[in-house]
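What the coordinates show
The residues making up each chain are set out below.
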Amino acid sequence: MRADRLVSLVLLLRQRGRMTADELAGELEVSTRTVLRDIDALSTAGVPVYADRGRHGGYSLLPGFRTELTGLNHDEALALFTAGTDRGEKVFGLSAPLASAMRKIVDALPEGHRMGLNNAAQRFLVEPETDLLSRRGATENLAEGVMAEVRSAVLTGRRLRFDYASPHEEPSRRTVDPIGLVTVRGNTYLLATKSGDDRNYRLSRMFSAEALAEPAQRSAQVDLDRIWADRTAQFLSENHIPVVIRIRRSRREELLENARAVRTEEPEQEDWVRIEVTFDDLRHAVWTVWQLDTDADVLSPVSVRDAIFARAEALANRYRP
């Protein structure tokens, strides 16, 4: 880890010029004393780091200290740089390693490719905080240390123990064999097995996690796409209400935000679309469709139509002139 930090320190000085010890400590997420020790180590190893004294002083590299990698063209570098935006780098808790990797990539580019790369990347926005209707995207809040432990267990093939709270249940301790991590619409899921049975867990519902020394019982090869598709199909078939809705395209996203999942979708005439979605229960379905007013029409099942009619009738009677 120290070797990676030393490389990142050199790249920061290469790309930003003079920086103070406090600035370097903030970027590298270490103490100022650690930065000073690292600078001494670099100087001893022959890296030309020198100090400027005074109020506006700091540390710098002698000009020309660089290696170049010409394997990336401009578009390839731009794609990587854009993927490393503030939103993209948070996936699976890899923000610090991704930031370090991006510094290495930028520093290794030829001068002609490096110039203007920051300005070009600023022209792309990946997954903003809100959409055009000012609706905020999903924000996943994880307990401290959970992501690192889960990721470690997945990558090293060790069993995982964690405290977990399912909806409407008391927290309990689980021990599982991890298979992989999947992120969907701002939420991260652990795919695992428990006593040979398939299990899925949201990391936001874990209070603590610990990667154990015991090896996980799992296949050496994995196809997460297939596993996720199979588990999604199973999830949709259990304890949920399927509802077919005819809805205006302008309200489609609003429906999808509140529905549990989408089964099928096909266009209809003009600006309407027919979608089959699933809800947790009858109450969930009625509440969601009620928000859509006359821009949605429940085609089936009849139970949902009857429940909406009963609610509308009760309100009409209450507010009858």
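Please refer to the structure placed before this passage.
Since the structure is predicted, the reported quantities are computational estimates derived from the model, not experimental observations.

1. A short note on the nonpolar core
Counting 18 residues, the largest nonpolar core has Val243, Ile245, Ile247, Leu255, Val277, Phe279 and Val298 as the members making the most contacts within it. Elements that contribute at least two residues to this core include exactly strand S8 (241–248), helix H10 (252–258), strand S10 (272–279), helix H11 (282–291), strand S11 (296–300) and helix H12 (302–318). Excluding residues within four positions of it along the chain, isoleucine 245 makes contact with Leu255, Val273, Arg274, Ile275, Val277, Phe279, Val289, Ala296, Asp297 and Val298.

2. Things to note about unusual backbone geometry
Note: most peptide bonds trans; most residues except glycine with negative phi. The amide bond that connects serine 300 to the next residue, proline 301, takes the cis arrangement and shows omega of 0 degrees. Checked against the element boundaries, proline 301 lands in the loop between S11 and H12. Its identity is not glycine, yet serine 195 carries a phi of approximately 55 degrees, on the positive side. By the element assignment, serine 195 lies in the loop between strand S5 (187–194) and strand S6 (197–202). A relative accessible area of 69% means that serine 195 is categorised as exposed. Positive phi, close to 55 degrees, is recorded for glutamate 270, a residue that is not glycine. Along the chain, the position of glutamate 270 falls in the loop between strand S9 (261–267) and S10.

3. Quick notes on the packing of aromatic side chains
Following the criterion strictly, the structure yields four aromatic pairs and no others. Taken together, a centroid distance of 5.9 Å and an interplanar angle of 75 degrees make the contact between phenylalanine 162 and tyrosine 164 edge-to-face. Taken individually, phenylalanine 162 and tyrosine 164 each receive the classification buried, so the pair is uniform in this respect. One aromatic cluster is present, formed by Phe162, Tyr164 and Tyr201 through successive ring pairs. Positioned above the aromatic ring of tryptophan 272, the side-chain terminus of arginine 246 is 4.2 Å from the ring centre.

4. Looking at the pairing of S10
The buried fraction of S10 amounts to seven of the eight residues, a majority that puts the element mostly inside the structure. As judged from the eight bridges shared by S8 and S10, these two strands associate in the antiparallel manner. Bridge pairing in S10 places valine 243 opposite valine 277. Looking at chain direction, S9 and S10 are connected through six bridges and run antiparallel.

5. Section: the sheet that holds S11
Each strand in a sheet pairs with its neighbour through backbone hydrogen bonds, running either in the same direction (parallel) or in the opposite one (antiparallel). One open sheet accounts for four strands, arranged S9-S10-S8-S11; its pairing is antiparallel. The open sheet is flanked by S9 and S11, the only strands paired with a single partner. Strand after strand, the sheet turns through a mean of 25 degrees between neighbouring axes, direction not considered. Docked against the sheet, H12 engages S8 and S11, running at close to 135 degrees with respect to S11.

6. With respect to the pattern of salt bridges
Counted according to the given criterion, the structure contains 21 salt bridges. In this structure, arginine 226 engages aspartate 230 in a salt bridge whose closest nitrogen and oxygen atoms are separated by 3.3 Å. Of this pair, arginine 226 and aspartate 230 both sit in helix H9 (residues 224–236), four residues apart, which is roughly one turn of that helix. Under the relative-accessibility criterion, aspartate 230 is labelled partly exposed at 42%. Between arginine 251 and aspartate 295 there is a salt bridge, with the nearest N and O atoms lying 2.7 Å from each other.

7. What about the side chain of threonine 34?
Inspection of the secondary structure puts threonine 34 in helix H3 (residues 32–44). In this structure threonine 34 comes out as buried when scored by relative accessible area, which is 13%. Reaching out from threonine 34, the side chain makes a polar contact with the side chain of serine 31 at a distance of 2.9 Å.

8. Structural notes on the sheet that holds strand S3 (residues 158–164)
As summarised here, the arrangement of the five strands in space is S6-S5-S4-S3-S7, forming an open sheet in which the pairing is antiparallel. Looking at the sheet topology across the chains shown, the edges are occupied by S6 and strand S7 (206–215). Between one strand axis and the next, the sheet turns through 45 degrees on average, direction left out of account. Of the strand pairs in this sheet, S3 and strand S4 (residues 172–184) are connected by five bridges, and their pairing is antiparallel. Looking at the pairing, arginine 161 lines up with threonine 175 of S4.

Cut-off values and rules
Residues numbered from 1 in each chain as written. Predicted model: local features only at pLDDT ≥ 70, side-chain atom pairs only at ≥ 80, totals over all residues. Heavy atoms only, no water. Core = buried A, V, L, I, M, F, W, Y, C linked by side-chain atoms within 4.5 Å. Buried < 20%, exposed > 50% of the residue type's maximum accessible area, 1.4 Å probe, protein only. Helix = DSSP H or I, 4+ residues; strand = E, 2+ residues; numbered from the N terminus. Contact = heavy atoms within 4.5 Å. Phe/Tyr/Trp six-rings, centres within 6.5 Å; stacked < 30°, edge-to-face > 60°. Lys NZ or Arg CZ within 6 Å of the ring centre and 35° of its normal. Pairing = 2+ DSSP bridges. Axes fitted to C-alpha atoms, helices over the stretch in contact; angles between N-to-C directions. Salt bridge = Lys/Arg side-chain N within 4 Å of Asp/Glu carboxyl O. Polar contact = N/O pair within 3.5 Å; in protein donor to acceptor, adjacent residues only side chain to side chain.

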